[in-house]
Amino acid sequence: MSQRLREVIAGVFSEVDVVLAYQQGFDKLHVTPCFMTMPEEINKLVWNPLCAHNLTSYLPSLKKKKVAVVVKGCDSRTIVQFMEEGLINRENVVIIGIPCNGVISVNKVLHETNHEPIEDITFGENGEISVKTLKGEKTLLLSDVCPDKCKTCQYPTPIVYDRLVGDPITSDKSPDSVYADIKEFENKTLEERLQYWEQEFDRCIRCYACRNACPMCICQDSCIAETRDPHWISQRSTLSEKFMFHMIHALHLAGRCVECGECERACPMGIPVNKLKRKINLDMKELFGYEPGINPEDKPPLYTFKVDEATIKEHKI
Amino acid sequence: MADTGFVQKEKLEEFLRELSKDAVVYAPCLEGDTVIFKTFDPGTTLCLDRPANNPPKLAVFPQSETLFSFKYKKDAEDPRKMSVELEANTDFPRAIIFGARPCDAKGFRIYDRVYMDTNTPDPYYQGRREKTMIATLCCSAPSPGCFCVAVGGGPAHREGSDVLITQFEKGYFIEPVTEKGKTILNAPQIEDGAQYAEEAHKRQLESHDLVRNPFAEDGLPKISRSLFDLDEFWEHVVSKCLSCGACTYLCPTCYCFNITDEQSLDIGERIRSWDGCMFPHFTLEGSGHNPRPTKFKRFKNRVGHKFLYYPEKYNGVIACCGCGRCIRHCPVSVDISEIVSYLRGSRFEFTNEPPESIGTDTNS
């Protein structure tokens, strides 16, 4: 697959200013986004299940350039959502799609290996991952160390692409499984849910990695987390301020979050922030029958106003 | 009293509870799968196996602190006039940071030069710092991203520590480094540590060579000014940065702050809170002008502050302790040690290529 991807990238280099792909990071367990501007850089390319980052996050800031970007199925939903909201110039983007069988959560691998430094990691044909540490070698299954989103993935093949590397894959996961965990969580009492979130958000250091990693966070430098006018959140480091920030973050993504999970992957304190966004997305789905990032012709429900909403009868005027 | 002590493993929590009686004890605690430096209390699970995700800087330099509270009052004689009552917040508790790493402790020395060793010391920092004892746990193995030895530290470096702790299978060897640190030996859980001293000192040296040293040839890294001022260099190496503040907030040596008044009606507080040079508003001036308007200029400031400006001001001391948190926990794995490696001398010409090829195909 790496070789085929390399060939495809070599083929598009002349059409674009920059290619967004992956290269080896600071250790064997980490790959890192790479911005290739010269054809010789293709030899840096890495493609394996560690390539979890959603590279489309960089597209809005590169609007003026011609960009080729490597996307998995889930990442492609971001591009569709960008198109719905007019955040990119589609003609300036060459989408190199790769059908994906799932990526790796670095945190889950570290958990499985007791946080020992990883000396080497290799990937087998059938989703087995061999991890070597100083304490020995361990075989893990991709299905055990993938982010939760991969376990219920409905779109393993990119929804939009200009080139496809590999054969399309059809999801074998039930559509009902997507929000099963959220529905289960909803069975807890209000007090239990509040206690859960208070405990999680207490760790937040307000570094805003979740916000900056989010491809759909478009307020950018005008984020209410730091503005003095309006002054909705203070600079105090208290639970209520942290809570408020995360609530606003989640609400700004209502019906827009493509559930790529970058917020959660980016969090240095291990806070399950994506859960909140997915809960709101579930509500949006039930209220408006809308799923973000699926059809470029759609408009997010909160971008539109209808006096009569088909699914909200009681509000009928 | 003996010079050194030893705490049996099973008595550690009891020992910390003892210390908690007359001090706020901060310790690395496990929450889910994350290790967090926070106040220790019964019910928290300690985790000393790996460095905490966040450094213990919050104990001395809290993420947000009230400098003073204020209250506007109408003059009883003349209601058109207002007076302001101020109340400073300078009542600091005794504190013990237990289980800091040598890099964390060294980090406080970076702060000391700025906040205390000047003719205008900061009363808030100084107040907390003087009442805080730092008990440091020597590292027995480096974590991914660690490079303490490359910036003048090491897994058993003593700078900044009041107490040095060496881990044994059965417990912890406790060795005071400063006068302040000696009081820790008063706890009833402490046994005489003399029999462990020799083995402890052997262990302290053991892991030094295991830590990677990306600047080995230089001793301490020397940055080339011409490369440092090359915009193309920064644009290229920093393109993937998300401009979030995780690196600065997790850094044991980052000490920049913001001051805001948080007011409602006639009462309020003046707050000092962490700021980070990665944020766009960091140098935003009142006029609306921002001298560092782009991501790469902000990133250049972070590297420059640690490896150029601070050393220029403080006799070559590097304002980075090599803890590796900014590398380990960066959402996109930006590696400051790699960037500083690029910037060294005129060893190579900048061509978008790393000095040695690190990009290899791990699998297909």
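Report on the accompanying structure. Remember, predicted model here, so these are calculated numbers, not experimental data.

### Concerning the sheet that holds strand β5 (residues 64–74) of chain B
All names here are of chain B.
Step number 1: Strands sit in the order β6-β5-β13-β12 across an open sheet of four strands; the sheet is antiparallel. On the outer flanks of this sheet lie β6 (82–88) and β12 (257–264), each paired with one strand and no other. The mean inter-strand angle of the sheet, taken between neighbouring strand axes irrespective of direction, is 20 degrees.
Step number 2: In the sheet, β12 pairs with strand β13 (residues 267–274) via eight bridges, with the strands oriented antiparallel. Opposite Asn258, over in β13, you have Ser273 as the bridge partner.
Step number 3: Contacts from helix α3 (residues 123–130) reach β5, β6 and β13, with the element oriented near 130 degrees to β5.

### Considerations on the interface of chain A and chain B
By a widely used convention, the size of an interface equals the accessible area lost when the partners come together.
Step number 1: Facing 52 residues of chain A, the contacting portion of chain B comprises 49 residues.
Step number 2: By the criterion of area lost to chain B, the three top residues of chain A are Phe26(A), Ile205(A) and Arg236(A), representing 14% of everything that side buries.
Step number 3: Put simply, chain A and chain B have three salt bridges between them.
Step number 4: The partner of Arg228(A) in a salt bridge is Glu262(B), and the shortest N-O contact between them spans 3.1 Å.
Step number 5: Between chain A and chain B we count 21 residue pairs in polar contact (both at pLDDT 80 or more) in total.

### Observations regarding the side chain of Asp122(B)
Residues and elements named next belong to chain B.
Step number 1: Positionally, Asp122 belongs in the loop between α2 (102–115) and α3.
Step number 2: Judged by its relative accessible area of 14%, Asp122 is buried.
Step number 3: Beyond its immediate sequence surroundings of up to four residues, Asp122 is in contact with Tyr115 and Arg272.

### A short note on a nonpolar patch on the surface
All names here are of chain B.
Step number 1: Together, Tyr72, Met82, Val84 and Leu86 give the surface a local cluster of nonpolar side chains, amounting to about 390 Å² of exposed area.
Step number 2: Here the nonpolar patch takes three residues from β6, the largest share from any one element.
Step number 3: Among the structural elements, Val84 can be located in strand β6.
Step number 4: Taking relative accessible area as the criterion, Val84 reaches 45% and is therefore assigned partly exposed.

### Overview of the packing of aromatic side chains
Step number 1: Inspection of the entire model under this criterion finds 34 aromatic pairs over all chains.
Step number 2: When the ring of Phe201(A) is compared with that of Phe243(A), the centres are 5.4 Å apart and the planes differ by 70 degrees; the resulting orientation is edge-to-face. Placement of Phe201(A) in helix α7 (residues 190–201) and of Phe243(A) in helix α9 (residues 239–252) is noted, with a sequence separation of 42 residues between them. With respect to burial, Phe201(A) and Phe243(A) carry one shared label: buried.
Step number 3: Their ring planes at 80 degrees and their centres at 6.0 Å tell us that Phe108(B) and Tyr111(B) sit as a pair that is edge-to-face. Residue Phe108(B) and its partner Tyr111(B) are located together in helix α2, separated by three residues, close to a single helical turn. Comparing Phe108(B) with Tyr111(B), the two get one shared label, buried.
Step number 4: Counting every residue linked through ring pairs, the aromatic cluster contains Tyr208(A), Phe245(A), Phe61(B), Phe108(B), Tyr111(B), Tyr115(B), Tyr125(B), Tyr249(B), Tyr255(B), Phe257(B), Trp274(B) and Phe279(B).
Step number 5: Between the NZ or CZ atom of Arg302(B) and the centre of the ring of Phe299(B), over which it lies, the distance is 4.9 Å.

### Considerations on the sheet that holds strand β6 (residues 128–133) of chain A
Across a sheet, paired strands are connected by hydrogen bonds in the backbone, their directions being either parallel or antiparallel.
Residue and element names in this part refer to chain A.
Step number 1: The strand order β5-β6-β7 describes an open sheet built from three strands, whose pairing is antiparallel. Here the strands that pair on one side only, and so sit at the sheet edges, are β5 (118–123) and β7 (136–141). On average, each strand axis in the sheet is inclined to that of its neighbour by 20 degrees, with strand direction left out of account.
Step number 2: Of the strand pairs in this sheet, β5 and β6 are connected by five bridges, and their pairing is antiparallel. Counterpart to Thr122 in the pairing with β6 is Ser130.

### Side note on the packing of α7(A) against helix α11 (residues 273–288) of chain A
Residues and elements named next belong to chain A.
Step number 1: Axis separation between α7 and α11 bottoms out at 10 Å; the angle between their running directions is 140 degrees. What the angle tells us is that α7 and α11 run oblique. Between α7, through Tyr196, Trp197 and Phe201, and α11, the contact on the second element is made entirely by Val273, Lys275 and Leu276.
Step number 2: Counted by class, the contact of α7 with α11 contains five nonpolar, no polar and one charged residues.

### Details of the state of the cysteines
Residues and elements named next belong to chain B.
Step number 1: Taken as a whole and assessed by the stated rule, the structure comprises zero disulfides over all chains.
Step number 2: Summary of cysteine pairing: Cys320 is not part of a disulfide, and the nearest cysteine sulfur, belonging to Cys321, is at 6.0 Å.
Step number 3: Note on Cys320: relative accessible area 8%, which makes it buried.
Step number 4: Not engaged in a disulfide, the cysteine Cys321 finds its nearest cysteine sulfur in Cys323; these two sulfurs lie 4.5 Å apart.

### Quick word on the environment of Phe40(B)
Step number 1: The topology assignment puts Phe40(B) in the loop between β3 (34–39) and β4 (45–46).
Step number 2: With 14 residues separating them in the primary sequence, Phe40(B) and Tyr26(B) have C-alpha atoms 5.5 Å apart.

### Concerning the pairing of strand β8 (residues 132–137) of chain B
Residues and elements named next belong to chain B.
Step number 1: Within β8, six of the six residues are buried, which leaves it mostly tucked inside the rest of the structure.
Step number 2: Burial of β8 is two-sided: the residues Thr132, Ile134 and Thr136 facing one way and the residues Met133, Ala135 and Leu137 facing the other way are all buried.
Step number 3: Bridging between β8 and strand β9 (residues 163–167) involves three bridges; their strand directions are parallel. In the strand pairing of β9, Ala135 is matched with Val163.

### Focus: unusual backbone geometry
All names here are of chain A.
Step number 1: Cis geometry marks the peptide bond from Asp229 to Pro230; its omega dihedral reads 5 degrees.
Step number 2: Within the secondary structure layout, Pro230 lies in the loop between α8 (209–213) and α9.
Step number 3: Here Glu259, not a glycine, exhibits a phi torsion of approximately 60 degrees, which is positive.
Step number 4: Residue position: Glu259 is located in the loop between α9 and α10 (262–266).

### Section: the pattern of salt bridges
Residues and elements named next belong to chain B.
Step number 1: For the structure on display, the rule yields 43 salt bridges over all chains.
Step number 2: Residues Arg225 and Glu312 are paired through a salt bridge, measuring 3.4 Å at the closest nitrogen-oxygen approach. Taken together, the positions of Arg225 in helix α6 (residues 225–228) and Glu312 in helix α9 (residues 295–313) put the pair 87 residues apart, joining distant regions of the chain.
Step number 3: By relative accessible area, Arg225 is classed as partly exposed at 40%.
Step number 4: Assessed through its relative accessible area of 55%, Glu312 is described here as exposed.
Step number 5: Connected through shared salt-bridge partners, Arg109, Asp112, Arg113, Asp117, Arg129 and Glu159 make up one network.

What counts and what doesn't
Residues numbered from 1 in each chain as written. Chains lettered and ligands numbered in written order. Predicted model: local features only at pLDDT ≥ 70, side-chain atom pairs only at ≥ 80, totals over all residues. Heavy atoms only, no water. Pairing = 2+ DSSP bridges. Helix = DSSP H or I, 4+ residues; strand = E, 2+ residues; numbered from the N terminus. Axes fitted to C-alpha atoms, helices over the stretch in contact; angles between N-to-C directions. Contact = heavy atoms within 4.5 Å. Buried area = accessible area lost by both parts, 1.4 Å probe. Salt bridge = Lys/Arg side-chain N within 4 Å of Asp/Glu carboxyl O. Polar contact = N/O pair within 3.5 Å; in protein donor to acceptor, adjacent residues only side chain to side chain. Buried < 20%, exposed > 50% of the residue type's maximum accessible area, 1.4 Å probe, protein only. Patch = residues over 30% accessible without salt bridge, like charges linked within 9 Å, V, L, I, M, F, W, Y side chains within 5 Å. Areas by Shrake-Rupley, 256 points an atom, 1.4 Å probe, with all protein chains shown as cover. Phe/Tyr/Trp six-rings, centres within 6.5 Å; stacked < 30°, edge-to-face > 60°. Lys NZ or Arg CZ within 6 Å of the ring centre and 35° of its normal. Parallel < 35°, antiparallel > 145°, perpendicular 65-115°, else oblique. Nonpolar A, V, L, I, M, F, W, Y, C, P; charged D, E, K, R; others polar. Disulfide = S-S within 2.5 Å.

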